[in-house]
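Chain by chain, the residues run as shown.
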Amino acid sequence: MNTDASWPDAEAAWQRVLKIQTKLHQWATDDAGRRFDDLWNLVYDPAVLVHAWQRVRSNRGARTAGVDGETAHYVTAVRGEQAFLSELRAELKARRFQPVPVREVTIPKPGGKRRRLGIATVRDRVVQAALKTVLEPIFEADFQPCSYGFRPGRRGQDAIAEIHYYTSRSYEWIVEGDIKACFDEISHTALDQRLRARIGDKRVLGLVKAFLKSGVLGEDHELRETTAGAPQGGILSPLLSNVALSVLDDHFAEAWQAMGDSHQRERRRRNGLANYRLVRYADDWVLMVAGTRADAERLREEAAAVLLPMGLRLSEEKTRIAHIDQGFDFLGMHIQRHKQRGSTRHFVYTYPARAALAAVKAKVRSATRRSTNQSLAVLLHRLNPVLRGWASYHRHGAAAKTFAFLSAFTWRRVWCWVCHKHPKTGMGELRRRYLRRWWPEQDEVRLFNPATVTIIRYRYRGTAIPSPWATTALPALGLPTGLDTGRAG
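Conventions used here
Residues numbered from 1 in each chain as written. Predicted model: local features only at pLDDT ≥ 70, side-chain atom pairs only at ≥ 80, totals over all residues. Heavy atoms only, no water. Helix = DSSP H or I, 4+ residues; strand = E, 2+ residues; numbered from the N terminus. Rg over C-alpha atoms; globule rule 2.2 N^0.38 Å. Buried < 20%, exposed > 50% of the residue type's maximum accessible area, 1.4 Å probe, protein only. Areas by Shrake-Rupley, 256 points an atom, 1.4 Å probe, with all protein chains shown as cover. Lys, Arg positive; Asp, Glu negative; His and termini not counted. Charge placed at Lys NZ, Arg CZ, Asp CG, Glu CD. Pairing = 2+ DSSP bridges. Phe/Tyr/Trp six-rings, centres within 6.5 Å; stacked < 30°, edge-to-face > 60°. Lys NZ or Arg CZ within 6 Å of the ring centre and 35° of its normal. 1 Å grid on protein atoms, 1.4 Å probe; cavity = no way out; pocket = protein on both sides within 12 Å on 5 of 7 lines; lining within 4 Å. Points joined across faces, edges and corners; volume = space filled by probe spheres on them. Nonpolar A, V, L, I, M, F, W, Y, C, P; charged D, E, K, R; others polar. Axes fitted to C-alpha atoms, helices over the stretch in contact; angles between N-to-C directions. Disulfide = S-S within 2.5 Å. pLDDT = per-residue confidence, 0-100. Contact = heavy atoms within 4.5 Å. Core = buried A, V, L, I, M, F, W, Y, C linked by side-chain atoms within 4.5 Å. Left-handed = near helix turned anticlockwise from the far one by under 90°.

(A) Layout of the overall build of the protein. Scanning the protein for helices and strands turns up 18 helices and 16 strands. For the protein, whose C-alpha radius of gyration is 25 Å, the value lies close to the compact-globule estimate of 23 Å for 489 residues. Dimensions of the protein, computed from C-alpha atoms along their principal axes, come out at roughly 75 × 70 × 50 Å. Residue burial in the protein is summarised as follows: out of 489 residues, 50% are buried. About 24100 Å² of surface is accessible on the protein, with carbon and sulfur atoms providing 49% of the total. Of the side-chain charges in the protein, 77 are positive and 51 negative, and the distance between the mean point of each set is 8 Å.

(B) Just the pairing of strand E2 (residues 102-108), in detail. Pairing analysis gives two bridges linking E2 to strand E5 (residues 216-217), with the strands arranged parallel. What sits directly across from Val102, in E5, is Val216. Sheet topology places E2 next to strand E3 (residues 114-119); six bridges connect them, and they run antiparallel. Bridge pairing in E3 places Glu104 opposite Gly118.

(C) Region of the structure containing the packing of aromatic side chains. Inspection of every chain in the model, using the stated rule, returns 13 aromatic pairs. Aromatic pair Phe97 and Phe211: ring centres 6.1 Å apart, planes at 50°, arrangement tilted. You can see Phe97 sitting in the loop between helix H5 (81-93) and E2 and its partner Phe211 sitting in helix H10 (residues 202-212), a full 114 residues away along the chain. Overall, Phe97 belongs to the buried group, its relative accessible area being 6%. Relative accessible area serves as the criterion here: at 7%, Phe211 is assigned to the buried category. Three or more aromatic residues joined by ring pairs make a cluster, and in this case those are Tyr165, Tyr166, Tyr171, Trp256 and Tyr460. Between the NZ or CZ atom of Arg34 and the centre of the ring of Phe36, over which it lies, the distance is 5.4 Å.

(D) Spotlight on empty space enclosed by the protein. On inspection of all chains with the given rule, the structure shows one cavity of 30 Å³ or more. Considered as a void within the structure, the largest cavity measures approximately 110 Å³ in volume. Taken together, 15 residues make up the lining of the largest cavity; nearest its centre are Val102, Gln128, Phe211, Pro231 and Ser237. At the level of elements, helix H6 (122-140), H10 and helix H11 (237-258) are the ones that each hand at least two residues to the lining of the largest cavity. Split by residue class, the lining of the largest cavity holds nine nonpolar, five polar and one charged.

(E) Structural view of the sheet that holds strand E10 (residues 328-330). A sheet is described by the order of its strands in space; here three strands give the open sequence E10-E11-E12, paired in antiparallel fashion. Every other strand in the sheet has two partners, leaving E10 and strand E12 (346-352) as the edge strands with one partner each. Here the strands of the sheet are splayed against their neighbours by 30° on average, with no regard to which way each runs. Two strands pair when backbone bridges link them, and E10 and strand E11 (residues 333-339) are joined in this way by three bridges, in the antiparallel orientation.

(F) Summary view of the state of the cysteines. In this structure the tally under the stated criterion is zero disulfides. With no disulfide of its own, Cys146 has Cys182 as its nearest cysteine by sulfur position, at a separation of 15 Å.

(G) Up close: the confidence of the model for the protein. With 95% of its residues at a pLDDT of at least 70, the protein reaches an overall mean of 92. Here residues 484-489 is modelled with pLDDT under 50, and outside its nearest four sequence neighbours on either side it reaches 21 contacts, counting other chains as well.

(H) Representation of the nonpolar core. Counting residues in each nonpolar core, the largest one holds 101 residues, and the members touching the most others are Leu24, Leu39, Val126, Leu191 and Trp285. Within the second largest apolar cluster, 31 residues are counted, among which are Phe403, Trp439, Val445 and Phe448.

(I) View of the packing of H5 against H6. Two numbers describe how H5 lies on H6: the axes approach to 11 Å, and their chain directions differ by 65°. Considering how the two elements wind past one another, H5 and H6 form a crossing that is right-handed. Where H5 abuts H6, its residues Phe84, Leu85, Leu88, Glu91 and Leu92 lie against Val122, Arg123, Val126 and Val127. Residues of the contact of H5 with H6, tallied by class, amount to seven nonpolar, no polar and two charged.

(J) Broad picture of the environment of Val43. Structurally, the position occupied by Val43 is in helix H2 (residues 40-43). For Val43, a relative accessible area of 1% corresponds to the buried category. Along the chain, Val43 and Arg89 lie 46 residues apart, while their C-alpha atoms are 8.9 Å from each other. The contacts of Val43, once residues within four sequence positions are left out, are Val48, Leu49, Leu92, Ala130, Leu131, Val134 and Val204.

(K) Region of interest: the sheet that holds strand E9 (residues 320-323). A sheet is described by the order of its strands in space; here four strands give the open sequence E7-E8-E4-E9, paired in antiparallel fashion. Because the sheet does not close on itself, it has two edges, and the strands there are strand E7 (275-281) and E9. Taking the axes of each pair of neighbouring strands and ignoring which way they run, one obtains an average angle of 20° across the sheet. Two elements, E7 and strand E8 (residues 284-290), share seven bridges in a ladder whose sense is antiparallel. Note that in E8 the partner of Arg277 across the bridge is Met288. Across the sheet, helix H7 (residues 156-167) is in contact with strand E4 (173-178), E7 and E8; its angle to E7 comes to roughly 165°. Along the sheet, H11 contacts E7 and E8; its crossing angle with E7, the most-contacted strand, is approximately 160°.

Take a look at the structure:
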């Protein structure tokens, strides 16, 4: 492949990257034992680097600097994009590139704890994005359908829909798995072994290892070595965590295949044997069991044993077993079976979880507690994306009453804010000024009303989720005949 071509624009780079990824994915799918021995030239391919830069620049974290203090805006305004990418490509091509430590920041978590994030430099982020561009289509060929987190074309609602599908079909016992400090404790040695199953290019493996071992500059300005884990917040980390956790997917997917088809699974149940299926989203997972509580307890220990070689452990406090009639929370939704109103039949329902509702209420409170030295339009501009995003995610559950409650709660908070802003103005004047049909509005900016969101049941897609690199599109892509990225090994 010719890698000395001039720098393409964003659209041409995307088209080139799509061709490369489609071919890699096709090769990986066609030969499950293939190891890719020559990927290094793709990592510093101009189109791949331009595509990686566009991704880094458009990310919300582009405004955040690493240990070198440079942001994406600084690169654009001071260094120049082409000069930055040319220098980066030269370092990669000559194998002089070395990642630097990530800058540690902590953000609050539910329950009063704090989550540690690692902020890489802009140059390191671009290289990580380039690595992910090359590696992701290869490993996507191996990932199981039961995995949904941080994968193209898949979302949390797919995981919830699968849980709803199987719990509605007698998979009544639930093992709620919680991996203790997943991103911090992944064994580098075990992860490297799983990467080597597909990647034979030692230069690529060495670069991945360099990122894992780059170290962390803490908030106390102390430099710490990283002997395990992948920095949470990095572009490459979600893919690496999926590679590591695929050991759990593979184990239970193999067991599911051994159970046979639906008729064979029914025969197993009649013989007193349990059927079970895993659903995972990143490091959150549930195991649905058609059997007894004893079966669920046995499978919990089995899952713990599978994860142990990866250096991962289950949290004793957060990993629990529940019955579908009790209900459980997963990805912001509460899933529970109960009797249908006005009927004797029982159905599985999904609702917005109480913790998710409390989180969005806290955001509304925070916005309406701020200074009143801003206009109502500014306040509404801050509230509307929060309300719209929350309602859009939860609209696939039985959320009509929750949406109505959230609408009333937000209306009261905004109205109290208006009254506090104008303490000497009468209610009638405030209504004429700020309420149009009794709903807050100013300068053509109207408060978003969650109660107007239509509830739509999310369709369970099963194994029919399309790949972004569908092989049927290959003839139209005009793939380069000189693309040589490896051989079977």
